[in-house]
Amino acid sequence: MKTLLIVSTLALMTFVSPPSHATGAHAATEGPSKAVSTQMAVRDLWVDHIFWIRSVVVAKADKNKKAETLADQQVVENAKKIAGVIEPFYGKPASEKLFGLLAGHYGAVKDYMNATLPTPNTEKQKSATEKLTTNAIEIATFLSGANPNLPKDTLVSLLAAHGGHHIAQINEIQKKDFTAEAQTWADMKQHMYTLSDALVGGIGKQFPEKFK
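Definitions and cut-offs
- Residues numbered from 1 in each chain as written.
- Predicted model: local features only at pLDDT ≥ 70, side-chain atom pairs only at ≥ 80, totals over all residues.
- Heavy atoms only, no water.
- Helix = DSSP H or I, 4+ residues; strand = E, 2+ residues; numbered from the N terminus.
- Contact = heavy atoms within 4.5 Å.
- Areas by Shrake-Rupley, 256 points an atom, 1.4 Å probe, with all protein chains shown as cover.
- Core = buried A, V, L, I, M, F, W, Y, C linked by side-chain atoms within 4.5 Å.
- Buried < 20%, exposed > 50% of the residue type's maximum accessible area, 1.4 Å probe, protein only.
- Salt bridge = Lys/Arg side-chain N within 4 Å of Asp/Glu carboxyl O.
- Expected span 1.5 Å × (residues − 1).
- Phe/Tyr/Trp six-rings, centres within 6.5 Å; stacked < 30°, edge-to-face > 60°.
- Axes fitted to C-alpha atoms, helices over the stretch in contact; angles between N-to-C directions.
- Parallel < 35°, antiparallel > 145°, perpendicular 65-115°, else oblique.
- Left-handed = near helix turned anticlockwise from the far one by under 90°.
- Nonpolar A, V, L, I, M, F, W, Y, C, P; charged D, E, K, R; others polar.
- pLDDT = per-residue confidence, 0-100.

### Describing the overall build of the protein chain
Summing up its helical and strand segments, the protein chain has nine helices and zero strands in all. Going residue by residue from the N terminus, the α and β elements of the protein chain occur as α-α-α-α-α-α-α-α-α. Across the protein chain, every contact between residues at least 6 apart in sequence was considered, and the portion connecting residues at least 24 apart equals 70%. Per element, the accessible surface of the protein chain, about 10700 Å² overall, is 58% carbon and sulfur.

Structure (structure tokens):
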């Protein structure tokens, strides 16, 4: 998984950076550009994505139904916000399409969680993993079809690595291996930066006038 992440990151180096419209002393005096502000905001949304999904998993492991329900609602609200990021560029139908795909992603993660907690079921885990992989391809196909600056193969590898992080985290929480899970969380968070920067960078290249 770590090798996949390294390869994905190297592949992204040519297009992840959002466009810059200020340099030198001028940049220092005018503050963060719109591109950088967008980049930071989208990073926060993707980190919230993994935070709330982890909260669902922990609540499930603790058999805290009330906390699980609350966290589940937050995952859905967060998915709406992530999908809403693309609406100013591609329109509401595209935003709704992405929300549906993100719902599919979460559904597959929940299937894996339910197949693992409290006791792992290998066959159900396999089915959930296949759904997660298929969904990653669907999201990559949709985004790359909308934006030529987002290569499908690169997105597939990024999203597959992201799904792998969810799976590893669920397994570690089930085993109560919180030392390993702490490292997985750190890897997940860094990976969310890579993924969100890729998306914002690709949109910035396609619509540079909207980032001025």
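### Quick look at the nonpolar core
Ranked by size, the top nonpolar core spans 33 residues in total, and within it W46, L102, F142 and L143 carry the most contacts. Of all the secondary structure elements, the ones that give two or more residues to this core are α3 (34-61), α4 (65-84), α6 (92-116), α7 (122-146), α8 (152-175) and α9 (178-206). Per element, the largest residue contribution to this core is seven residues, and it comes from α9. Contacts of F142, omitting those with residues within four sequence positions, involve I86, A94, K97, L98 and L101.

### Overview of the pattern of salt bridges
Under the defined criterion, the tally for this structure stands at six salt bridges. Of the charged contacts in the structure, one is a salt bridge between D197 and R43, with a shortest N-O distance of 2.6 Å. Of this pair, D197 sits in helix α9 while R43 is found in helix α3, placing the two residues 154 residues apart along the sequence. Given a relative accessible area of 9%, D197 falls into the buried group. The shortest N-O distance in the salt bridge between D111 and K131 comes to 2.4 Å. Note that D111 is positioned in helix α6 and K131 in helix α7, a separation of 20 residues in sequence. Classification of D111 as partly exposed rests on a relative accessible area of 31%.

### Notes on α8
An ideal rise of 1.5 Å per residue puts 34 Å on 24 residues; α8 measures up with 35 Å between its terminal C-alpha atoms. A positive phi of about 60 degrees marks K176, the residue just after α8.

### Structural notes on the packing of aromatic side chains
Summed over all chains, the structure comprises five aromatic pairs. Aromatic side chains F51 and W52 sit 4.9 Å apart centroid to centroid with 80 degrees between the ring planes, which places their arrangement in the edge-to-face category. Exposure remark for F51: the relative accessible area of 40% places this residue in the partly exposed category. Ring plane angle 5 degrees and centroid distance 5.9 Å describe the contact between F89 and F211, whose orientation is recorded as stacked. Taken as a pair, F89 in helix α5 (residues 87-90) and F211 in the segment after α9 lie far apart in primary sequence, 122 residues in all. With respect to class, F89 is no different from F211; both count as buried. Ring pairs connect the aromatic residues F89, Y90, F207 and F211, which therefore count as one cluster.

### Details of the packing of α8 against α9
Their axes nearest at 9 Å, the elements α8 and α9 cross at an angle of 160 degrees. Considering their axes alone, α8 and α9 lie roughly antiparallel with respect to each other. Relative to α9, the crossing made by α8 is left-handed. Its residues placed into classes, the contact of α8 with α9 shows 14 nonpolar, seven polar and three charged.

### Some remarks on the confidence of the model for the protein chain
Regions with low pLDDT carry predicted coordinates that are not meant to be interpreted in detail. On average, residues of the protein chain carry a pLDDT of 89, and 85% of them reach 70 or more. Every residue in residues 1-31 is under pLDDT 50, and counting partners more than four places away or in other chains gives 41 contacts.

### Quick word on unusual backbone geometry
Peptide bonds are mostly trans, and most non-glycine residues show a negative phi. In this structure, P118 follows L117 across a cis peptide bond, with omega equal to 0 degrees. By the secondary structure assignment, P118 is in the loop between α6 and α7. A positive phi angle, close to 60 degrees, is found at K63, a residue other than glycine. Mapped onto the secondary structure, K63 falls in the loop between α3 and α4. Here K176, not a glycine, exhibits a phi torsion of approximately 60 degrees, which is positive. Mapped onto the elements, K176 comes out in the loop between α8 and α9.

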